[in-house]
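# Examination of the molecular architecture
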Amino acid sequence: MEQRILNYLEEHKTEIIEDLKILVQAEASTSDIEELKEVREILTRIIADRTGLKVNEHKRDGGHNLLEFEIGTGSEKILLLGHYDTVHPVGTFKMHQEGSRLFGPGVYDMKSGILSAIWAVKAFHDLNIVPEKKLVFLFNGDEETGSKESRELICERAKDACAALICEPPAKNGDLKTGRKGVLGFTIDIKGKASHAGNAHQAGINAIEEMAHEILFIQGLTDYDRGTTLNVGVCEGGSKANVVPARAKLIVDCRYESREEGERIKDAIRNLKASVNGTERTVTVGSGRPPMPETDANMELFEIAHTCGERLGLNFSHQYVGGGSDGNFVADMGIPTLDGLGAYGDFAHSENEYLDLEQYIPRMALLASLLQRI
Ligand SMILES: [Zn+2]
């Protein structure tokens, strides 16, 4: 079966690359609401043209609608997830090709992965392969900023799934992702008291001085042995050099491996006692993503994928990574999850982002055969 699927996809490589270029040129970052709508229209058309399936659009107030379609009638269900937003604002990164490398916004993360899912369905259809399980495909448009508008539906659809496959890119050496750290975001607002730095220095309460203490404390919570990292990524504060600053703000990213560890870090940051007398602090914890532990069930999925890969002449391993995805949400529900089933390339989230066209079709065949072997 693997070889049949691979041959079929190789024969259709020109059309596949055409579809991919159309999708990549439909640029939209998560905040480009109007352009996201255009991406959905193009995606819906490609899905309809290639598979003949009807796409359901789930509206969201903020404009991050989800697209869903399904095939198969099996009693068991596989959920397949992808996102059509990118981190690149419209007009900042033009698609171009150098040899077998196609550069462009979202070409690797993860429009190629979405297209793999669509063409897997087309291959099944044209090769008369009937999926043994029901396959549900769900594409969201707000993954890059935490999937706030799509998380609920993703988890709803995952409830009765026997497996979840995530079409995010693999690691840069091609390894699949069997576990991911959890992600937490903190915003800390510090309030002091403004005063004339020359005439009334003592009357002021310096919010930046308090921030300085907090930065060192928070960075110090990093524990590489436990897999916990804290990064104070943004610090702001003050207005002028001759004013004791009344306000300061920190934005912090935390990665962690277990729920307990996440709670420990939350407590430590929430309950921190201010070092500078008179300052007030407000801690806001973002919704984040729970950890995706590398469970036996995830590893079983990986083993199936590895066998499919061998039949396709692909060799790859698996990794536990620090970056989060929507796989974290479904894995946290106990659903066996395998991530990194998109296409091969590198430099996601940068203007060097590219996809290796030479290795695209075999990865697409991997996803298709995995859908049938689970
Ligand atoms: Zn992604």
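What counts, and at which threshold
- Residues numbered from 1 in each chain as written.
- Predicted model: local features only at pLDDT ≥ 70, side-chain atom pairs only at ≥ 80, totals over all residues.
- Heavy atoms only, no water.
- Helix = DSSP H or I, 4+ residues; strand = E, 2+ residues; numbered from the N terminus.
- Polar contact = N/O pair within 3.5 Å; in protein donor to acceptor, adjacent residues only side chain to side chain.
- Contact = heavy atoms within 4.5 Å.
- Axes fitted to C-alpha atoms, helices over the stretch in contact; angles between N-to-C directions.
- Parallel < 35°, antiparallel > 145°, perpendicular 65-115°, else oblique.
- Nonpolar A, V, L, I, M, F, W, Y, C, P; charged D, E, K, R; others polar.
- Pairing = 2+ DSSP bridges.
- Salt bridge = Lys/Arg side-chain N within 4 Å of Asp/Glu carboxyl O.
- Buried < 20%, exposed > 50% of the residue type's maximum accessible area, 1.4 Å probe, protein only.
- Donors = N, O, S within 2.8 Å, 3.2 Å for Na, K, Ca; no water.
- Tetrahedral: all angles 85-135°; square planar, octahedral: opposite > 155°, others 65-115°.
- Phe/Tyr/Trp six-rings, centres within 6.5 Å; stacked < 30°, edge-to-face > 60°.
- Lys NZ or Arg CZ within 6 Å of the ring centre and 35° of its normal.
- Domains from an automatic or database assignment.
- Buried area = accessible area lost by both parts, 1.4 Å probe.

## Comments concerning the side chain of His58
Structurally, His58 is set in strand S1 (residues 56-58). Side-chain polar atoms of His58 contact the side chain of Glu68, separated by 2.7 Å. Apart from residues no more than four positions distant in its own chain, His58 is found in contact with Asn65, Leu66, Glu68, Leu153 and Arg157.

## As for the packing of helix H2 (residues 13-25) against helix H10 (residues 360-373)
Interhelical geometry of H2 versus H10 gives an angle of 90 degrees and a closest axis separation of 11 Å. Taken as axis vectors, H2 and H10 run roughly perpendicular relative to one another. Between H2 and H10, the contacting residues are Lys13, Ile16, Ile17 and Leu20 on the first element and Tyr360, Ile361 and Met364 on the second. Its residues placed into classes, the contact of H2 with H10 shows six nonpolar, no polar and one charged.

## Overview of the sheet that holds strand S18 (residues 354-356)
In spatial order, the strands read S4-S5-S18-S17; together these four strands make up an open sheet with antiparallel pairing. The open sheet has two free edges, formed respectively by strand S4 (96-98) and strand S17 (345-346), since each of these has just one partner strand. In terms of strand pairing, strand S5 (residues 101-103) meets S18 through three bridges, oriented antiparallel. The residue of S18 that forms the bridge with Phe103 is Tyr354.

## Brief notes about the environment of Ser317
In this structure, Ser317 sits in the loop between helix H8 (296-311) and strand S15 (318-321). Expressed as a C-alpha distance, the spacing of Ser317 and Leu135, which sit 182 residues apart in the sequence, is 25 Å. Excluding residues that lie within four positions of it along the chain, Ser317 makes contacts with Asp175, Leu176 and Phe302.

## Focus: the pattern of salt bridges
Tallying each qualifying case throughout the model produces 23 salt bridges. A salt bridge links Arg373 to Glu2; the nearest nitrogen and oxygen atoms lie 2.7 Å apart. Taken together, the residues span a long stretch of sequence, with Arg373 in helix H10 and Glu2 in helix H1 (residues 2-11) at a distance of 371 residues. For Arg373, a relative accessible area of 37% gives the class partly exposed. Here Glu2 falls in the buried class, since its relative accessible area comes to 3%. Each of Asp223, Arg226, Glu261 and Arg264 takes part in one network of salt bridges that share partners.

## Re the coordination of the zinc ion
At the metal site, the zinc ion is ligated by His83 (NE2), Asp109 (OD), Glu168 (OE) and Glu168 (OE), and these contacts range over 1.8 to 2.7 Å. What the four donor atoms of the zinc ion show is an angle range of 52 to 143 degrees at the metal, which sorts the shape as irregular.

## Things to note about the packing of aromatic side chains
For the structure shown, the criterion picks out five aromatic pairs. With a centroid separation of 5.6 Å and an interplanar angle of 45 degrees, the aromatic rings of Phe103 and Tyr354 are classed as tilted. Of this pair, Phe103 sits in strand S5 while Tyr354 sits in strand S18, and the two are 251 residues apart along the sequence. Centre to centre, the rings of Phe347 and Tyr354 are 6.4 Å apart; their planes meet at 50 degrees, and the pair counts as tilted. For Tyr354, a relative accessible area of 8% gives the class buried. Geometry around Tyr354 places Arg101 over its ring, the cationic atom sitting 4.1 Å from the centre.

## Some thoughts on the domain arrangement of the protein
Taken domain by domain, the protein comprises domain 1 (2-181 + 292-373) and domain 2 (182-285). On a C-alpha basis, the centroid separation for the pair domain 1 and domain 2 is 38 Å. With eight residues of domain 1 at the interface, the matching set in domain 2 holds eight residues. Of the roughly 520 Å² buried between domain 1 and domain 2 on both sides combined, carbon and sulfur atoms contribute 41%.

## Comments concerning unusual backbone geometry
Residues Asp109 and Met110 are joined by a peptide bond in cis, for which omega reads -5 degrees. In this fold, Met110 is placed in helix H4 (residues 107-126). Even without a glycine there, the phi angle at Phe347 is positive, about 65 degrees. For Phe347, the location among the structural elements is in the loop between S17 and S18. For His349, which is not glycine, the phi dihedral falls at a positive 65 degrees. One can find His349 in the loop between S17 and S18.

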